[in-house]
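The residues making up each chain are set out below.
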Amino acid sequence: MANKKKADARGFSFQYAAKFLCTANVPGTTQTTTSLLPGAYQTVVNIHNPNAKAAGFRMKLATATSTKVDPPQISKFINEKLQPDQATKVDCSRLGEFGNQPVHGFEGFLVIESTHSLDVVAVYTAGKNGGEVESIDVEHIPERKIR
């Protein structure tokens with residue numbers, strides 16, 4: 001099994017780590033967090049292949065935990081491919097694909113590893129619980145070479 005993991009990682013030269021929030025902080029309920037002010041938080045990460053050839057990539061979620069209380073949790077990898085100039089998105093509706101079934105949402109990182117350089121942009125929205133969007137932020141996620 002170790003050789004399989006090593007073989008899977010061989011072609012991935014680039015990595016991106018986007019903060020990923022899909023949660024709400026509702027004081028007085030079990031859906032309370034010390035990380036965020038009261039409200040609802042959503043993330044969508046857009047991934048675009050600007051290359052002239054197909055780009056393979058894989059993604060995982062790394063849950064942010066207090067290592068003194070909970071052990072770090074890292075999901076399985078999901079493998080995908082984008083043809084030239086294609087784009088895809090990862091939003092809160094896809095959490096279950098990673099094998100995570102968070103009861104009270106998710107806070108952590110979406111980690112992407114790819115064979116080619118990609119355009120990765122995260123869009124963060126926040127608002128009152130059950131309300132409309134009150135803030136939006138768009139962030140370009142920088143790549144780092146991993147081989």
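Just above sits the structure.
Residues numbered from 1 in each chain as written. Predicted model: local features only at pLDDT ≥ 70, side-chain atom pairs only at ≥ 80, totals over all residues. Heavy atoms only, no water.

## Comments concerning the overall build of the protein chain
What counts here: Going along the chain from the N terminus, every DSSP run of H or I of four or more residues is numbered as a helix, and every run of E of two or more is numbered as a strand. When checking whether two residues touch, look at their non-hydrogen atoms; a contact exists if any pair is within 4.5 Å. Areas reported as accessible are Shrake-Rupley estimates using a 1.4 Å probe. Residue values count occlusion only from the protein chains shown.
In terms of helices and strands, the protein chain carries one helix and 10 strands. Each helix (α) and strand (β) of the protein chain, taken in turn from the N terminus, gives the series α-β-β-β-β-β-β-β-β-β-β. When contacts within the protein chain are restricted to residue pairs at least 6 apart in sequence, those whose partners lie at least 24 apart make up 71%. Carbon and sulfur atoms make up 54% of the accessible area of the protein chain, which amounts to about 8800 Å² in all.

## What about the nonpolar core?
What counts here: The criterion is simple. A nonpolar core is a set of buried Ala, Val, Leu, Ile, Met, Phe, Trp, Tyr and Cys residues joined through side-chain atoms within 4.5 Å. Categorising residues by exposure relies on relative accessible area from a 1.4 Å probe, with only protein chains included: less than 20% of the type maximum marks a residue as buried, more than 50% marks it as exposed, and the intermediate range marks it as partly exposed.
Core analysis: the biggest nonpolar cluster contains 25 residues, and Phe20, Val45, Ile47, Met59, Leu110, Ile112 and Val120 have the highest contact counts within it. Looking at this core, the elements that each hand over two or more residues are β1 (14-25), β2 (39-48), β3 (55-63), β5 (78-82), β7 (106-114) and β8 (119-127). Broken down by element, this core gets its largest block of residues, five residues, from β1. Sequence-distant contacts of Val45, that is, excluding residues within four places in its chain, are made with Ala18, Phe20, Thr88, Lys89, Val90, Leu110, Ile112, Val120, Val121 and Ala122.

## A few points about the state of the cysteines
We apply this condition: The criterion for a disulfide is a pair of cysteine sulfur atoms lying within 2.5 Å.
Taken as a whole, this structure holds one disulfide when the rule is applied. Here Cys22 engages in a disulfide with Cys92; their sulfurs sit 2.0 Å apart. Handedness of the Cys22-Cys92 disulfide follows from its S-S torsion of about -85°: it is left-handed. Of this pair, Cys22 sits in strand β1 while Cys92 is found in the loop between β6 (87-91) and β7, placing the two residues 70 residues apart along the sequence. Exposure class is identical for Cys22 and Cys92. Each is buried.

## Quick word on the side chain of Asn49
Rules: Whenever a nitrogen or oxygen atom comes within 3.5 Å of another N or O atom, the pair is scored as a polar contact, on the condition that within protein one atom can donate a hydrogen and the other can accept it, and that pairs from neighbouring residues in sequence are kept only if both atoms are in side chains.
Its place among the elements puts Asn49 in the loop between β2 and β3. Assessed through its relative accessible area of 0%, Asn49 is described here as buried. Among the polar contacts listed, one links the side chain of Asn49 to the backbone oxygen of Leu82, at a separation of 3.0 Å.

## So, the pairing of strand β9 (residues 133-140)
Note the threshold: Note on pairing: two strands pair once DSSP finds at least 2 bridges between them.
Within β9, only zero of the eight residues are buried, which leaves it mostly out in the open. Hairpin connection between β8 and β9: a loop of five residues separates the two successive antiparallel strands, and Gly130 in this loop has a positive phi of roughly 75°.

## Remarks on the packing of aromatic side chains
What counts, and what does not: Stacked, tilted and edge-to-face are the three classes applied to pairs of Phe, Tyr and Trp rings, where Trp contributes its six-membered ring and a pair requires centres within 6.5 Å; stacked means planes under 30 degrees apart, edge-to-face means over 60, and tilted covers the rest. Throughout this description, the term charge over a ring refers to an Arg CZ or Lys NZ atom that lies within 6 Å of the ring centre and within 35 degrees of the ring normal.
If you walk through the whole model with that rule in mind, you get one aromatic pair. Lying across the ring of Phe109, Lys19 places its NZ or CZ 5.6 Å from the centre. The ring of Phe77 carries the charged tip of Arg58 above its face, separated from the ring centre by 3.7 Å.

## Thoughts on the pattern of salt bridges
A side chain with one charge can pair with a side chain of the opposite charge if their charged atoms come near. Quick note on the threshold: Here, a salt bridge means any Lys or Arg side-chain nitrogen found within 4 Å of an Asp or Glu carboxyl oxygen.
Inspection of the entire model under this criterion finds six salt bridges. Residue Glu113 is joined to Arg58 by a salt bridge in which the shortest nitrogen-to-oxygen separation is 2.8 Å. With Glu113 in strand β7 and Arg58 in strand β3, this pair connects stretches of sequence that are 55 residues apart. Grouping residues by exposure puts Glu113 and Arg58 together as buried. Here Asp91 makes a salt bridge to Lys89, at a shortest N to O gap of 3.7 Å.

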